[in-house]
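Single-letter residue listing:
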Amino acid sequence: MSAQAFSAARYKISSRVFDEVSRELIAHVEKEISIPRWQGLRVVAGDGTTVQLTMRKKGIRSIVSGVAFGLYLPGIERFLSFKLQMGSGNERQMLFESIDELCPQDLLLLDRGFPCRWLPAVLIARPIHFCIRCDLSRGFKVVREFLRSGESERVVTLRAPNRRDAEDYDCPWTSTTVRLVRVVTPNGRIHGVMTSLLDAIAFPTAAFAGLYHSRWRIEEAFKRIKHRLGLEHTSGLSWHAANQDFGAKVSFDNLNALAAYVATDAHLDPDSPYRINRTQAIQKIKEKSRPLAAGRRGYYPPTQIPDERDRQGPAEARPRANESPSPSTQTSSLSCVQTRMTMC
């Protein structure tokens, strides 16, 4: 197949097919495997990362910036959703577009770049529980007062979002009640997080430090798919090709995560210092992915059906045009000629 034919054929496949693959996979996984939960809630981390892609722009190859946003399950180390947007992007807007992937049994973890007045109102109206870091110096006034007070937690009321945001994001134009919790990291740094979990008995303050630390797994996931799977190295120069490649690589990383999770549960003790090498697992899954996709063993695509020469073994190497044949080759050729003459 020529490059032009491949480019024309790939446009017949929507890049959104990988979203359907991810939904089907997580539906099957939740039926067969118990996903780790925190206080009965499924933890989902959301974050974005910048990407540099090679695109054809006005007939010239150019480096184009984009933003990749993902919803990630730290407990099982797989992506729940993954989207790509051209330009500088808006991570809050990309989160809002992915919010339908969440359910009331989820707990959304976000970093300090997301807090705003309309986001808590949207999440509480769904309803979706959340835990958001909100200790920016230019952030909420009630948060700054809470951090200066030295208290471990406080229930506060946020001002209502402005009317335009309430209309754009379909959220109530009312004030929102949230709980502020002080989180101290192992290295002594202090963070303030905002959460919708108001019950201090069911969700104690001391439990939020480990909860927020689990959000770091999405940072490691972005680094893994960038370096191990070459996320920014696409097979085409169009935005459609980039979306297809991103979806395929994230789906592959999800299969890798599922294999590592099942292998860990089957072969390693909970206290074992050993871990599954996911880099080696990538190559193993690549070797098995084609037969698995076909649904049976020994499957060969039509363009790769082995002929009789392949079944009999490797053919002898032929000399190049500017090289004389080796003595063994000359003897073999002479023997063939003598044999044919004898038969005649």
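Rules used in this analysis
Residues numbered from 1 in each chain as written. Predicted model: local features only at pLDDT ≥ 70, side-chain atom pairs only at ≥ 80, totals over all residues. Heavy atoms only, no water. Helix = DSSP H or I, 4+ residues; strand = E, 2+ residues; numbered from the N terminus. Buried < 20%, exposed > 50% of the residue type's maximum accessible area, 1.4 Å probe, protein only. Areas by Shrake-Rupley, 256 points an atom, 1.4 Å probe, with all protein chains shown as cover. Salt bridge = Lys/Arg side-chain N within 4 Å of Asp/Glu carboxyl O. Pairing = 2+ DSSP bridges. Right-handed = clockwise from strand over helix to strand, strands pointing away. Expected span 1.5 Å × (residues − 1). Arc of directions from axis to C-beta. Contact = heavy atoms within 4.5 Å. Axes fitted to C-alpha atoms, helices over the stretch in contact; angles between N-to-C directions. Parallel < 35°, antiparallel > 145°, perpendicular 65-115°, else oblique. Left-handed = near helix turned anticlockwise from the far one by under 90°. Nonpolar A, V, L, I, M, F, W, Y, C, P; charged D, E, K, R; others polar. pLDDT = per-residue confidence, 0-100. Core = buried A, V, L, I, M, F, W, Y, C linked by side-chain atoms within 4.5 Å.

Some thoughts on the overall build of the chain
And step 1. Looking only at helices and strands, one finds twelve helices and eight strands in the chain.
And step 2. Looking at the chain residue by residue over its 344 residues, the buried ones come to 37%.
And step 3. Surface accessibility of the chain: about 21200 Å² in total, with carbon and sulfur atoms responsible for 52%.

Details of the pattern of salt bridges
And step 1. Applying the stated rule across the entire model yields 17 salt bridges.
And step 2. Arg-133 is the salt-bridge partner of Asp-135, the closest N and O atoms lying 3.0 Å from each other.
And step 3. By relative accessible area, which is 17% here, Asp-135 ends up buried.
And step 4. Looking at Arg-133, the relative accessible area reads 9%, which means it is buried.

Considerations on the pairing of strand S5 (residues 129-133)
And step 1. Of all five residues in S5, four are buried, a share of seventy percent or more.
And step 2. Pairing analysis gives four bridges linking strand S4 (residues 106-110) to S5, with the strands arranged parallel. What sits directly across from Leu-110, in S5, is Ile-132.
And step 3. In this view, the connection linking S4 to its parallel neighbour S5 by way of helix H4 (residues 118-125) has right-handed handedness.
And step 4. Sheet analysis places S5 next to strand S8 (residues 190-195), joined by three bridges and oriented antiparallel. By the bridge assignment, Cys-131 is partnered in S8 with Thr-195.

As for helix H2 (residues 17-32)
And step 1. Here H2 is 16 residues long and its end C-alpha atoms lie 23 Å apart, about the 22 Å a rise of 1.5 Å per residue gives.
And step 2. The complete set of buried residues in H2 reads Ser-22, Leu-25, Ile-26 and Val-29. Axial view of H2: buried residues confined to an arc of 95°, hence all on one face.
And step 3. Considering only its buried residues, H2 is in contact with strand S1 (42-57), strand S2 (60-73), strand S3 (78-86) and helix H9 (239-267).

Notes on the packing of H2 against H9
And step 1. Their axes nearest at 9 Å, the elements H2 and H9 cross at an angle of 15°. Here H9 runs roughly parallel to H2, going by the angle between their axes. At the point where H2 passes H9, the crossing takes the left-handed sense. Each of Phe-18, Val-21, Ser-22, Leu-25 and Val-29 in H2 lies in contact with H9, whose residues at this interface are Gln-244, Gly-247, Ala-248, Ser-251, Asn-254, Leu-255 and Leu-258.
And step 2. Across the contact of H2 with H9, the residue classes tally to seven nonpolar, five polar and no charged.

Considerations on unusual backbone geometry
And step 1. Following Arg-126, the chain continues to Pro-127 via a peptide bond in cis, the omega torsion being 0°.
And step 2. Looking at the secondary structure, you find Pro-127 in the loop between H4 and S5.
And step 3. A positive phi angle, close to 60°, is found at Glu-77, a residue other than glycine.
And step 4. By the secondary structure assignment, Glu-77 is in the loop between S2 and S3.
And step 5. Notably, Asp-170 is not glycine yet its phi reads approximately 55°, a positive angle.
And step 6. Structurally, Asp-170 is set in the loop between helix H6 (163-168) and strand S7 (176-184).

A closer look at the confidence of the model for the chain
And step 1. Summarising the model, the chain shows a mean pLDDT of 81, and 83% of its residues fall at 70 or more.
And step 2. For the stretch residues 298-344, pLDDT sits under 50, and the model shows nine contacts to residues farther than four places along the chain or on other chains.

Overview of the sheet that holds S1
And step 1. Pairing is mixed in the open sheet, where eight strands are placed in the order S3-S2-S1-S4-S5-S8-S7-S6. Only two strands of the sheet have a single neighbouring strand rather than two, namely S3 and strand S6 (153-158). Ignoring strand direction, the axes of neighbouring strands in this sheet form an average angle of 30°.
And step 2. Of the strands in this sheet, S6, S7 and S8 are in contact with helix H5 (residues 141-149), which crosses S7 at around 40°.
And step 3. Lying over the sheet, helix H8 (residues 216-227) contacts S1, S2 and S3, oriented at roughly 30° with respect to S1.

Looking at H8
And step 1. Helix length check: H8 (twelve residues) gives 17 Å between terminal C-alpha atoms against 16 Å at 1.5 Å per residue, within 8%.
And step 2. Of the residues making up H8, those classed as buried are Ile-218, Ala-221, Phe-222, Arg-224 and Ile-225. Relative to the axis of H8, the buried residues are bounded by an arc of 165° and lie together on one face.

As for the nonpolar core
In globular proteins that are soluble, nonpolar side chains generally tend to be buried together.
And step 1. Core analysis: the largest hydrophobic core is formed by 40 residues, its most contacted members being Leu-71, Leu-95, Leu-102, Leu-108, Leu-119 and Met-194.
And step 2. With five residues, H4 is the single largest residue contributor to this core.
And step 3. Every residue in contact with Met-194, bar those within four places of it in the chain, is listed here: Pro-120, Phe-130, Cys-131, Ile-132, Cys-134, Phe-140, Leu-158, Val-178, Arg-179 and Leu-180.
And step 4. Val-64, Ala-207, Ile-225 and Phe-252 belong to the second-largest nonpolar core, a separate cluster that totals 37 residues.

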